[in-house]
Amino acid sequence: MSIPLPFRKPSARDRARQDWIDERRREARMVVADVANHSDHLLRLACNVLVQHGETPEEREDARILLVVLDAKSPRRLPAPRSDREGHR
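Each residue is numbered by its place in its chain's sequence as written, counting from 1. Note on the predicted model: pLDDT of at least 70 is required for a residue's local features to be given, and 80 or more for side-chain atom pairs to be given and counted; whole-chain, interface and lining totals, by contrast, use all residues. Calculation of side-chain values draws on the structure's entire complement of heavy atoms; hydrogens and water are dropped beforehand.

Q: Any chance you could explain the nonpolar core here in plain terms?
A: In summary, soluble globular proteins display a tendency toward joint burial of nonpolar side chains. Nine residue types can take part in a nonpolar core, namely buried Ala, Val, Leu, Ile, Met, Phe, Trp, Tyr and Cys, and a core is a set of them joined through side-chain atoms within 4.5 Å. Summary of the burial criterion: residues with accessible area below 20% of their type's maximum are buried, those above 50% are exposed, and those between are partly exposed, where the area comes from a 1.4 Å probe applied to protein chains only. Counting residues in each nonpolar core, the largest one holds 9 residues, listed as A28, V31, L43, A46, C47, L50, A63, L67 and L70. Per element, the largest residue contribution to this core is 4 residues, and it comes from helix α2 (residues 40–53). Leave out the neighbours within four places in its chain, and V31 touches H38, L42, L43 and A46. Note on conventions: DSSP H or I runs of at least 4 residues are helices, E runs of at least 2 residues are strands, and numbering of each starts at the N terminus. Residue contacts follow a heavy-atom distance rule, with two residues in contact if any of their heavy atoms lie within 4.5 Å.

Structure (structure tokens):
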């Protein structure tokens, strides 16, 4: 990844990359705005995009909080409970 420098003009590659990120961010916002009609998996993907590429700190923080909520409501993502018999002989 090239670092944008003040003395270097943005290349076509840099502009294309930024356009691609802008489009993914727009799609992620649409998914998060319609939470009730999307799967948890798709919501996690959208939140991860916004956590990394959100335009404002508030947007990134809100996406991170939604990820925490999604993890809390998904029991399958938690480690399996240990049986009491494992520790006793």
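Q: Got a minute to help me understand the environment of V68 in this structure?
A: Secondary-structure assignment places V68 in helix α3 (residues 57–73). Judged by its relative accessible area of 48%, V68 is partly exposed. Sequence spacing of V68 and R44 is 24 residues, and the spatial spacing of their C-alpha atoms is 9.7 Å.

Q: I keep staring at α2 and nothing clicks. Help me out?
A: Three or four residues apart is the spacing at which side chains of an α-helix point the same way, because the helix has 3.6 residues per turn. A helix is expected to span 1.5 Å for every residue after the first. Here α2 spans 20 Å end to end across 14 residues, near enough to the 20 Å set by a 1.5 Å rise per residue. Among the residues making up α2, those that are buried are L43, R44, A46, C47 and L50. For α2, the angular spread of the buried residues around the axis is 165°, confining them to a single face. Those residues of α2 that are exposed and angled more than 90 degrees off the buried face are H41 and Q52. Where α2 is buried, its residues meet α1 (12–33) and α3. To be clear, the arc concerns the directions from the helix axis to the C-beta atoms.

Q: Before we go on, may I ask you to explain the pattern of salt bridges in this structure?
A: Charged atoms that come close allow side chains of opposite charge to pair. By convention in these notes, a salt bridge is any Lys or Arg side-chain nitrogen within 4 Å of a carboxyl oxygen on Asp or Glu. According to the stated counting rule, one finds 9 salt bridges in the structure shown. Of the charged contacts, one joins D40 and K73 as a salt bridge, the two residues approaching to 3.7 Å between their closest N and O atoms. On the criterion of sequence distance, the pair formed by D40 in helix α2 and K73 in helix α3 is long-range, its members being 33 residues apart. With its nearest N and O atoms 3.3 Å apart, the salt bridge here joins D71 to R44. Residue D71 is found in helix α3, and its partner R44 is found in helix α2; the two are separated by 27 residues along the sequence. Shared partners join several salt bridges into a network, and the residues in it are D22, R25, R29, E55 and E59.

Q: Please clarify how the side chain of E59 should be interpreted in this entry.
A: Looking at the secondary structure, you find E59 in helix α3. Those residues in contact with E59 that sit more than four places away from it in its chain are R29, L50 and G54.

Q: Got a minute to help me understand the packing of α2 against α3 in this structure?
A: Describing two packed helices takes the angle between their axes plus the distance from one axis to the other. Helix axes use the C-alpha atoms of the stretch in contact, all axes being lines fitted to C-alpha atoms, and the angles between their N-to-C directions lie in the range 0 to 180 degrees. Interhelical geometry of α2 versus α3 gives an angle of 150° and a closest axis separation of 8 Å. As judged from the angle between their axes, α2 and α3 are roughly antiparallel. Of the two possible hands of crossing, α2 and α3 adopt the one that is left-handed. Where α2 abuts α3, its residues D40, L43, R44, C47, N48, L50 and V51 lie against E59, R60, A63, R64, L66, L67, L70, D71 and K73. Oblique is the label for every angle not falling under 35 degrees (roughly parallel), over 145 degrees (roughly antiparallel), or within 65 to 115 degrees (roughly perpendicular). Note on convention: the crossing is left-handed when the near helix lies turned anticlockwise from the far helix by less than a right angle, right-handed when the turn is clockwise.

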